[in-house]
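One letter stands for each residue in the lines below.
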Amino acid sequence: GPGGGTTRLAKYLQLAGRFDEAMDEIKVLLDDGKEWAACMFSHQPPKLQWLHMAARAARIHRDAVLICKREKNEKLRLRHETAAELYAEKSKNLDEVSREISAKRRRAWEEATANGPDAIADFLRKRQAGEI
């Protein structure tokens, strides 16, 4: 399911001599990235969901590199290596963005609590809608 998403099956398939099936599993994992992010991080703003998805894609591509190395498939290994580097670069600032979003939420909450029940209700509506 989308909540799982490890590359363990792909690695075992390759070790069992079923390289094409291993690569199919890698493709499925990569294709399910948006669904996985929505399942695991729906409580987070879309930007954080995207960054988590990019970090996951980098991990999957790195594992695909290992599978391709074992199989001695240099062309495919290079393709996954390039993709892993690209996604790793995109997700590099995940922690920084997460801290910024948390700080923004904290400030908005402090302001809402200082301004009374209507402001708190407005904060909660915005939080539920993913605006904060």
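This section reports on the structure supplied with the text. Just so you know, these numbers come straight off a predicted model, no measurement behind them.

1. Focus: the packing of helix H4 (residues 46-71) against helix H6 (residues 94-114)
Each pair of packed helices can be summarised by the angle the axes make with each other and by the distance between the axes.
Next up, step 1: Between H4 and H6, the shortest axis-to-axis distance is 10 Å and the interhelical angle comes to 160 degrees. As far as their axial angle goes, H6 and H4 are roughly antiparallel. H6 is crossed by H4, and the crossing has left-handed handedness. On H6, the residues touching Lys-47, Leu-48, Leu-51 and His-52 of H4 are Leu-94, Val-97, Ser-98 and Ile-101.
Next up, step 2: Here the residues of the contact of H4 with H6 are counted per class, giving 5 nonpolar, 2 polar and 1 charged.

2. What about the side chain of Gln-14?
Next up, step 1: With respect to the helices and strands, Gln-14 occurs in helix H1 (residues 8-15).
Next up, step 2: Looking at Gln-14, the relative accessible area reads 6%, which means it is buried.
Next up, step 3: A distance of 3.0 Å separates a polar atom in the side chain of Gln-14 from a polar atom in the side chain of Glu-71.
Next up, step 4: When residues no more than four places from it in sequence are discounted, the contact partners of Gln-14 are Phe-19, Ala-22, Ile-67, Arg-70 and Glu-71.

3. Details of the packing of aromatic side chains
Next up, step 1: One pass over the structure, following the stated rule, counts 2 aromatic pairs.
Next up, step 2: With centroids separated by 5.5 Å and ring planes inclined at 70 degrees, the aromatic side chains of Trp-36 and Phe-41 adopt a geometry described as edge-to-face. Comparing Trp-36 with Phe-41 shows no difference in burial state: the two are buried.

4. Observations regarding the nonpolar core
Next up, step 1: Within the largest apolar cluster, 12 residues are counted, these being Ala-10, Leu-13, Phe-19, Ala-22, Met-23, Ile-26, Leu-29, Ile-60, Ala-64, Ile-67, Cys-68 and Leu-76.
Next up, step 2: Of all the secondary structure elements, the ones that give two or more residues to this core are H1, helix H2 (19-31) and H4.
Next up, step 3: If one sorts the elements of this core by residue count, H2 sits on top with 5 residues.
Next up, step 4: Excluding anything up to four places from it in sequence, Ala-10 contacts Ala-22, Glu-25, Ile-26 and Ile-67.
Next up, step 5: In terms of nonpolar packing, the next biggest core, distinct from the first, is built from 5 residues, Leu-48, Leu-51, Leu-94 and Ile-101 among them.

So, how was this worked out
- Residues numbered from 1 in each chain as written.
- Predicted model: local features only at pLDDT ≥ 70, side-chain atom pairs only at ≥ 80, totals over all residues.
- Heavy atoms only, no water.
- Axes fitted to C-alpha atoms, helices over the stretch in contact; angles between N-to-C directions.
- Helix = DSSP H or I, 4+ residues; strand = E, 2+ residues; numbered from the N terminus.
- Parallel < 35°, antiparallel > 145°, perpendicular 65-115°, else oblique.
- Left-handed = near helix turned anticlockwise from the far one by under 90°.
- Contact = heavy atoms within 4.5 Å.
- Nonpolar A, V, L, I, M, F, W, Y, C, P; charged D, E, K, R; others polar.
- Buried < 20%, exposed > 50% of the residue type's maximum accessible area, 1.4 Å probe, protein only.
- Polar contact = N/O pair within 3.5 Å; in protein donor to acceptor, adjacent residues only side chain to side chain.
- Phe/Tyr/Trp six-rings, centres within 6.5 Å; stacked < 30°, edge-to-face > 60°.
- Core = buried A, V, L, I, M, F, W, Y, C linked by side-chain atoms within 4.5 Å.

Read these as layout, nothing more, since geometry by itself doesn't imply function.
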